[in-house]
Structures are given as structure tokens and as C-alpha cells.
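The primary structure of each chain is shown beneath.
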Amino acid sequence: MSNERPDDDLETLFDADIDREPTPRSQRLKRQFDLYVLAPARVAMTDWRAVLGTAIIAMFVLMGTVGVWLVDRPTSGDAPVLVPPFQNLNYILGTDTFGQPIGAQLIHATPDMFRMVFAGAVVSIGFAALVGVLSGFLRGSKIDTILMSITDIIITIPGLPLVIVLIAIFQPQSPYVIGVLLGLDNWPGLARTVRSQVLSIREESYVEASQIMGISTGTILRRDVLAQLMPYITVNAAMASRRIIFESVGLYFLGILPFTTFNWGVMMNIAYEGNALSRPDMYHFLAFPLLTIFLMSFGLVLFSQGMDSVFNVRLRARHSSTIDDDGGPEP
């Protein structure tokens, strides 16, 4: 691992030449905007995984925001029963056994899915980052011992039974509460990994220099430690979102979560209970929710892989218009 903070590789390209006159503030702001906004965007545009993953996620965001305004909320009897897909423009994906358009159900299930994903990812990533950073930076202290003991205890508890018990106790209906309950099981393993990363970072020379200079622990954690962990945390946030989707859909499909809202898992449950596996006229009722889950999961995986390139400091420097070909700032 480098002995310099990642952003130092970029910023020192501007300030290393002591013979140059001080850079005006407006010029420095322009260069920082180029390095931290425009350059990452250029890197992302050169990586097909980032482009395709972002496009897929953007499509689902539009479904969950604009789509729910353009498409009426489906109710039983809106359309004929079991209309095949691609036969009627009004029900392009067909209808189910209750006469509800499948496309409209998929669209109106998206907002609550995003709420669950947001709550679950925030809890799992937030807990993992907080516990991992504090435990790793304060290695050997009582805080480290307590945090890692709690983490190890939760790791030993089977995840699915824990979630089922919590759901049975709280009977959640809000997608935010469901996301929080699902996220509680996902953070311990990531916290362990974050701790190992912090143990390596805290030995770097610039962290030791900050401690010798008397800089507060909070500032060191924010400026020196979290700055290096952000790429890793961001990538894992996408993967945590994927796990939340799978877990929530699975619990809805099994009937463990209450059927209080549209959900892709609820659609699959109803299709399965209606013997969709043995009825060709119902295949589309089961296939389109499965395809939707696969597509969103695929988009998140591609997005997380593309972020590896976006967070690569040297690639960002190479795609910055304020750095010349020799590696220094433009005159």
C-alpha cells in the first residue's frame, strides 16, 4: 500500500513545482472539480461495466419515481385474466390471475424495494464502517475488545433464523423497518474486513506523522483513514444492496413478510401458488419478476466492478484535462 494518501497523488501534481507562482483559488477549484468530478466521469465512460451498470440502475430509479406517476396503481379486475405478454399494448407484459397488469405491478413494487435497499445498505455499511474503523484504529484497547466480541457473537448467530425471529416479533410493514432488520445481519463480516484494512492503514507513515503532530483522532480517522476506505466501502455498498434485494424477495416469496405492498417476491409467491410451473399460460407471471430481480442484481454487480476503475487514482489523473502528458499541471 502506498505511503501517501490517495488524493495526495493528484494534489501534489499541482503543488510539487516550487518555482511556480501560487495558483489562484479559482484555478485550484477548477482543477479540483476536474479531478474529483469530471475525471471520474471520463473514467466511468471508458468502462463498459460502469456505463451499463449505471444505465440499469438509472432505469430502475426512473421506474420508481417517474414510472409510478405515469402508470396507474394496478387493482384486481383492471384487465382480462392471464393475457399473454406482447399481445396487447395496454398490458405489454401480460396480466396475472387477478386481472392486474404485470408491468404495472413491477413498476409500483420498485419504490418500496429502493426504500428497503437504502435502509438495509445504510445500516449494514454504516455499522461495518463504524465498528471496523474504531476497532482497527484502537487496536488492543477495551473498545476494540468489546466491539470485536459483539461482532463475533453476531457472526455466530445464523442469519436467516435471526431475521425470521425479529420479523415475528416486530411484524414490520414499513419497507424502511424491513430494510433495517435485514441489514442487521449483514454488517459483522464486512466490519471484520474493514478492521483488517484499517490495521494496515494505521501503520502508514502519514498516519504516524499526523499523530506526532498532535492532530485529533477524529480528524485522522476522517482525513487519513476513511479517505482510503471510501472506494472499498462504496463497492461493498452495491453488493450489500444486492443482498438486501435477494433476502427481502426470498422472505416475501416464502410468506414470512406480510403481503402489505407490491413486491417482486409477492408476485412470485402468487404465481407459484397458482401452479405457474406447470401451467404454460402462467409462465410470464413468474418469469418477469425473476427477470427483474436478475436485471437489477446484474446492474449492481456491474456498477460495483466499474467503481474499481473510477476510484483508481492514476486513471483519474490520466483522464484529467488539467494534468499534462508529463504528469504535471498544465501551465
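Keep in mind that what you see is a predicted model, and the values were worked out from it rather than measured.

Student: Help me out: how do you make sense of unusual backbone geometry in this one?
Tutor: Working note: non-glycine residues mostly have negative phi, and peptide bonds are mostly trans. Of note, leucine 82 is a non-glycine position whose phi angle comes to about 50 degrees, a positive value. Looking at where leucine 82 falls in the secondary structure, it is placed in the loop between α3 (48-70) and α4 (102-137). Of note in this structure, phenylalanine 86 is not a glycine but carries a positive phi near 60 degrees. The exposure class assigned to phenylalanine 86 is exposed, which follows from its relative accessible area of 56%.

Student: What should I look at first to understand a nonpolar patch on the surface in this one?
Tutor: A surface patch of nonpolar side chains, amounting to about 530 Å² of accessible area, comprises Trp48, Leu52, Leu291, Phe294 and Phe298. Looking at the nonpolar patch element by element, the count peaks at three residues for helix α12 (residues 283-310). You can see leucine 52 is positioned in helix α3. The exposure class assigned to leucine 52 is partly exposed, which follows from its relative accessible area of 34%.

Student: Would you take a moment to explain the UniProt feature "transmembrane region" (unreviewed entry) in the chain for this structure?
Tutor: UniProt marks residues 50-71, 116-138, 150-170, 249-271 and 283-304 with the feature "transmembrane region" (unreviewed entry), using the numbering shown here. As annotated, residues 116-138 has a helix share of 96% and a strand share of 0%, and its two end C-alpha atoms lie 33 Å apart.

Student: In this structure, what is going on with the nonpolar core? I would like to understand it.
Tutor: Most often, soluble globular proteins keep nonpolar side chains buried together rather than apart. With 38 residues, the main nonpolar core has Ile102, Leu106, Met113, Ile245, Val249 and Trp264 as its most contacted residues. Taken together, the elements giving at least two residues each to this core come down to α3, α4, α6 (159-170), α7 (175-183), α10 (217-253), α11 (264-273) and α12. Of all the elements, α4 adds the most residues to this core, at seven residues. If we ignore the near neighbours within four places in the chain, the residues touching leucine 106 are Met63, Leu93, Trp264, Met267, Phe288, Pro289 and Thr292. Of all hydrophobic cores here, the second largest spans 23 residues; its members include Leu147, Met148, Ile201 and Ile220.

The rules behind these values
Residues numbered from 1 in each chain as written. Predicted model: local features only at pLDDT ≥ 70, side-chain atom pairs only at ≥ 80, totals over all residues. Heavy atoms only, no water. Helix = DSSP H or I, 4+ residues; strand = E, 2+ residues; numbered from the N terminus. Buried < 20%, exposed > 50% of the residue type's maximum accessible area, 1.4 Å probe, protein only. Patch = residues over 30% accessible without salt bridge, like charges linked within 9 Å, V, L, I, M, F, W, Y side chains within 5 Å. Areas by Shrake-Rupley, 256 points an atom, 1.4 Å probe, with all protein chains shown as cover. Salt bridge = Lys/Arg side-chain N within 4 Å of Asp/Glu carboxyl O. UniProt positions renumbered as here; feature names shortened; annotations may be inferred. Core = buried A, V, L, I, M, F, W, Y, C linked by side-chain atoms within 4.5 Å. Contact = heavy atoms within 4.5 Å.

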